[in-house]
Amino acid sequence: MIVFENVSKTFKRHRVLDGVSLSIDKGERIALVGSNGAGKTTLIRCLLGEYLHEGKVTVNGVPPRGNRKTVLSHVGFVPQIPPPLKMPVGELVNFSAAVCGSDPERIITMVRELGLDWDMVRSRPFVKLSGGMKQKMLIGIALGRDSDLLIMDEPAANLDPEARHIFFHLLHERKDNAVMLITSHRLDEVAALVNRVVEMDQGKVALDDRVADDVEMTARLDCVVRLTRAEPAFARAMGDWHFSAEEGGQAWRGVVNGPDRLRFLGVLARYAGLVAGIEMK
Amino acid sequence: MNALYLTARLDIAESLRSRWFMFYSIVFGGIVMLLFMFGLTESRILGFTGLSRLLVTYIQLCVAILPVFILITTVRSVAGDRDAGVFEYMLSLPVPLYAWFWGKMIGRFVVVFLPVFGAMALAAVYAMVRGIGVDWSLFVLYTALLVALAWAFLGIGMLISTLARTPDVAQTGAFLTWLVLLLFLDLILLGLMIRERLPLELIVGIAVANPLQSFRTAAILLFDPQMVVLGPSSYVILDALGRSGYLTFALAYPVALGTLSAGIGYFLFRRGDLP
């Protein structure tokens, strides 16, 4: 479906992409990871037809730059930093739906599914929404139409656990018929969402590997964490995950989204000296 | 719906909400109000009377204010949007590049032209109500001249926005462009060049190329085509083209210049990195 063939991009003598070659088929969910300046965003902009570059990029056989309408009609894009649009949310939705030939109601339904009060936000300027609300709106616009190429830059970073679960569920529904390209600085943020990992370093593909995962994207895991003693800092960390305390703070119980479990274990790792036992099922 | 129309509508709505538009409308509405308050419609200077006197003064003020307003607001919003990541997101939607570029230009033209014209139209309506004579042929000519001037500077603004990669560079470029054109008005640097006996062809060439000069000359030549008022190079051009010829040139040239500038801007926009 997507082919990058020896793609390079240079900004003022600085080579940001250096001969990247990748082939991505339908059904592949790719984590594009790497540190700042590794070339992730530049690669995405080449795929969106926004940057000129050396080499070839094709989506279903056609280059995106010369066939914007054909290619971008299939693309749902969520940028890492939401654009500072002053227009009301309703206007953004109407514009996006109109240029994509979609129905605004589909986007609104999607946004509501993600837990956003549409009647409250529709007339507010997009730029005035909170980080999480903006993220939900952009995800709603990306998924509320017939997009089968989802390009998402840290898409779940600002979402609350409930919205993350719904978001993972929405991605799960499309997993066999779409290509997903999810970028992140950290693999643990996105590892459970994907079945392939591409790591970039200094403009090159440093690693391209398949991932096997037995836990479904939509799974929710009941979790109990036992501690050797109660600890206020741990209590604050668990509060962020909506866990509740038992046994005077020596045990914590809650639910973790399947794709979030690596991230959750990463949090627990910071308190490894305190943890007496973990149960996840 | 047509993407060009959608982009133009989006840009108009975005501009109507912005502070610069409110300030811009207040400035031009305020100018007309002040001119009425100072009783310009009642005075008789250099043969201008009634609303004509007010219109001539208003149009002279437009020469100084309108271009810099258009240039600065256009480059600030276009280059600023690109810098802030608006282009990255909006151009990830299937909007054709021609629709994005020209839609923005058309939307912006509507927004910059309407307050200037609206203030003038309000003055005409007020004059009619007060029983002051309105020279409608002058009104139509000035409307056409304002269209031409606004389009010319909008085109130049779009070109500068495409060339400059940051809002700061774009803003500096816009200001310098305006300053150079203003300095090369007939009565300022061109006068100096004539005194220094520089080649006449060069001086007349500069005067012909300056859209501010053609606007200013066309605005006053109906009343007093004297060299002391028009300036020497305009007088020479007027003498060569005749009154109708000069008016045609003063309307056609800025429109052609604006379209050419925007056309080059679009060509570069299409051929370069978008965000």
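Residues numbered from 1 in each chain as written. Chains lettered and ligands numbered in written order. Predicted model: local features only at pLDDT ≥ 70, side-chain atom pairs only at ≥ 80, totals over all residues.

Looking at an unreviewed UniProt entry, one finds chain A named ABC-type multidrug transport system, ATPase component, with Paramagnetospirillum caucaseum as its source organism. If you open the UniProt record of chain A and go to Sequence similarities (unreviewed entry), you find "Belongs to the ABC transporter superfamily." (UniProt positions renumbered as here; feature names shortened; annotations may be inferred.)

Q: For the overall build of chain B, give the residues involved together with the corresponding values.
A: Along the backbone of chain B there are 12 helices and zero strands. In sequence order, the secondary structure elements of chain B are arranged as α-α-α-α-α-α-α-α-α-α-α-α. A compact globule built from 275 residues should have a C-alpha radius of gyration of about 19 Å, and chain B, at 20 Å, falls within 12% of that. Each of the three principal axes of chain B carries a C-alpha extent, and together these read 60 × 50 × 30 Å. Residue burial in chain B is summarised as follows: out of 275 residues, 43% are buried. Summarising the internal contacts of chain B: among those between residues at least 6 apart in sequence, 81% fall at separations of at least 24. (Helix = DSSP H or I, 4+ residues; strand = E, 2+ residues; numbered from the N terminus. Rg over C-alpha atoms; globule rule 2.2 N^0.38 Å. Buried ≥ 20, exposed ≤ 12 C-beta atoms within 10 Å, placed from the backbone. Contact = placed C-beta atoms within 7 Å.)

Q: Break down the overall build of chain A for me, with residues and values.
A: If you tally the helices and strands in chain A, you get 10 helices and 13 strands. In terms of overall dimensions, chain A has C-alpha extents of about 65 × 45 × 35 Å along its principal axes. Expressed as a percentage of the 281 residues in chain A, the buried residues total 41%. Contacts in chain A between residues far apart in sequence, at least 24 positions, make up 69% of those at least 6 positions apart.

Q: Just give me the short version of the interface of chain B and chain A, but keep the residues and values in it.
A: Often the size quoted for an interface is simply the accessible area lost on bringing the parts together. Listed as interface residues are 23 residues of chain B and, on the opposing side, 24 residues of chain A. It is helix H1 (residues 3–17) of chain B that provides the largest number of residues to the side of chain B that touches chain A, a total of six residues. Per-class residue counts for the side of chain B that touches chain A are 16 nonpolar, three polar and four charged. (Nonpolar A, V, L, I, M, F, W, Y, C, P; charged D, E, K, R; others polar.)

Q: Explain the UniProt feature "transmembrane region" (unreviewed entry) in chain B to me, using residue names and the numbers behind them.
A: Residue and element names in this part refer to chain B. Per the UniProt annotation, the sites labelled "transmembrane region" (unreviewed entry) are residues 21–38, 58–79, 86–103, 109–129, 136–163, 175–194, 215–238 and 250–269. Segment residues 21–38 splits into 94% helix and 0% strand. End C-alpha atoms: 26 Å apart. Secondary structure across residues 136–163 divides into 100% helix and 0% strand, with the first and last C-alpha atoms of the span separated by 41 Å.

Q: Let's hear about the sheet that holds strand E11 (residues 244–246) of chain A: which residues, and what values?
A: Residues and elements named next belong to chain A. The strand order across the open sheet formed by four strands is E11-E12-E10-E13, and the pairing between neighbours is antiparallel. Whereas interior strands pair on both sides, the edge strands pair on one side only; in this sheet they are E11 and strand E13 (275–280). Recorded for the sheet is a direction-independent mean angle of 25° between the axes of neighbouring strands. Here strand E10 (residues 220–227) runs beside E13; their pairing, made up of five bridges, is antiparallel. Bridging from a neighbouring strand, valine 225 pairs with isoleucine 278 of E13. (Pairing = 2+ DSSP bridges. Axes fitted to C-alpha atoms, helices over the stretch in contact; angles between N-to-C directions.)

Q: Kindly report on the nonpolar core, identifying the contributing residues and their values.
A: In terms of nonpolar packing, the biggest core is built from 145 residues, with A:Ile182 and B:Ala150 touching the most fellow members. Setting aside anything within four residues of it in sequence, one finds A:Ile182 in contact with A:Ile30, A:Ala31, A:Leu32, A:Met152, A:Pro155, A:Val190, A:Leu193 and A:Val194. (Core = buried A, V, L, I, M, F, W, Y, C linked by C-beta atoms within 7 Å.)

Q: Describe the confidence of the model for chain B, with residues and values.
A: Residue and element names in this part refer to chain B. On average, residues of chain B score 85 in pLDDT, and 91% of them reach the 70 mark or higher. At the low end of the mean pLDDT range in chain B sits helix H11 (residues 227–230), at 62; at the high end sits helix H6 (residues 136–163), at 93. In the model output, the complex is listed with pTM 0.83 alongside ipTM 0.81. (pLDDT = per-residue confidence, 0-100.)

Q: Before we move on, could you go through the environment of A:Val71 and cite the residues and values that matter?
A: All names here are of chain A. Mapping valine 71 onto the fold places it in helix H2 (residues 68–72). Taking the number of C-beta atoms within 10 Å as the measure of exposure, valine 71 has 23 and is therefore buried. For the pair valine 71 and alanine 251, spaced 180 residues apart in sequence, the C-alpha to C-alpha distance is 51 Å. Aside from chain neighbours lying at most four places away, what touches valine 71 is Gly49, Val59, Val62 and Pro64.

Q: Go over the packing of H1(B) against helix H5 (residues 97–130) of chain B with me, naming the residues and quoting the values.
A: Residue and element names in this part refer to chain B. The contact between H1 and H5 brings their axes to 7 Å, and the two run at 45°. With respect to their mutual orientation, H1 and H5 come out oblique. For the pair H1 and H5, the crossing hand works out as right-handed. Where H1 abuts H5, its residues Ala3, Leu4, Thr7, Ala8, Arg9, Asp11, Ile12, Ser15 and Leu16 lie against Ala99, Trp100, Trp102, Gly103, Lys104, Ile106, Gly107, Arg108, Val110 and Val111. When the residues that make up the contact of H1 with H5 are grouped by side-chain class, the tally is 11 nonpolar, four polar and four charged. (Parallel < 35°, antiparallel > 145°, perpendicular 65-115°, else oblique. Left-handed = near helix turned anticlockwise from the far one by under 90°.)

Q: Break down the environment of B:Ser234 for me, citing the residues and quoting the values.
A: Positionally, B:Ser234 belongs in helix H12 (residues 232–271). Between the C-alpha atom of B:Ser234 and that of B:Thr177, which follows or precedes it by 57 residues, the distance is 21 Å.

Q: Please provide a residue-by-residue account of the sheet that holds strand E4 (residues 54–59) of chain A, values included.
A: What holds strands together in a sheet is hydrogen bonding between their backbones, with the strands either parallel or antiparallel. Residues and elements named next belong to chain A. As summarised here, the arrangement of the three strands in space is E2-E1-E4, forming an open sheet in which the pairing is antiparallel. At either end of the open sheet lies a strand with only one pairing partner, and these are strand E2 (14–24) and E4. Strand-to-strand, the axes of this sheet are offset by a mean angle of 20°, without reference to chain direction. In terms of strand pairing, strand E1 (residues 2–11) meets E4 through five bridges, oriented antiparallel. By the bridge assignment, isoleucine 2 is partnered in E4 with valine 59.

Q: Just give me the short version of the pairing of strand E9 (residues 204–210) of chain A, but keep the residues and values in it.
A: Residues and elements named next belong to chain A. Looking at chain direction, strand E8 (residues 196–201) and E9 are connected through six bridges and run antiparallel. Note that in E9 the partner of methionine 200 across the bridge is valine 205. Taken together, E8 and the strand that follows it, E9, pair antiparallel across an intervening segment of two residues, in which glutamine 202 is found at a positive phi of about 50°.

Q: Let's hear about the packing of helix H9 (residues 200–209) of chain B against H12(B): which residues, and what values?
A: Residue and element names in this part refer to chain B. Between H9 and H12, the least distance of the axes is 9 Å, while the angle of their chain directions is 85°. The pairing of H9 with H12 is recorded here as roughly perpendicular in orientation. Two secondary-structure elements touch here, H9 through Ile203, Val204, Ala207 and Val208 and H12 through Ser233, Ser234, Val236 and Ile237. Across the contact of H9 with H12, the residue classes tally to six nonpolar, two polar and no charged.

Q: Give me the domain arrangement of chain A: which residues, what numbers.
A: All names here are of chain A. Domain annotation for chain A reports domain 1 (2–210) and domain 2 (220–280). A straight line from the C-alpha centre of domain 1 to that of domain 2 covers 31 Å. Counting residues at the interface gives nine residues for domain 1, matched by 11 residues for domain 2. At the level of secondary structure, the elements contributing two or more residues to the side of domain 1 that touches domain 2 comprise helix H7 (161–174) and helix H8 (187–190). At four residues, the largest contribution of residues to the side of domain 1 that touches domain 2 is made by H7. Considering only residue class, the side of domain 1 that touches domain 2 consists of five nonpolar, one polar and three charged. (Domains from an automatic or database assignment.)

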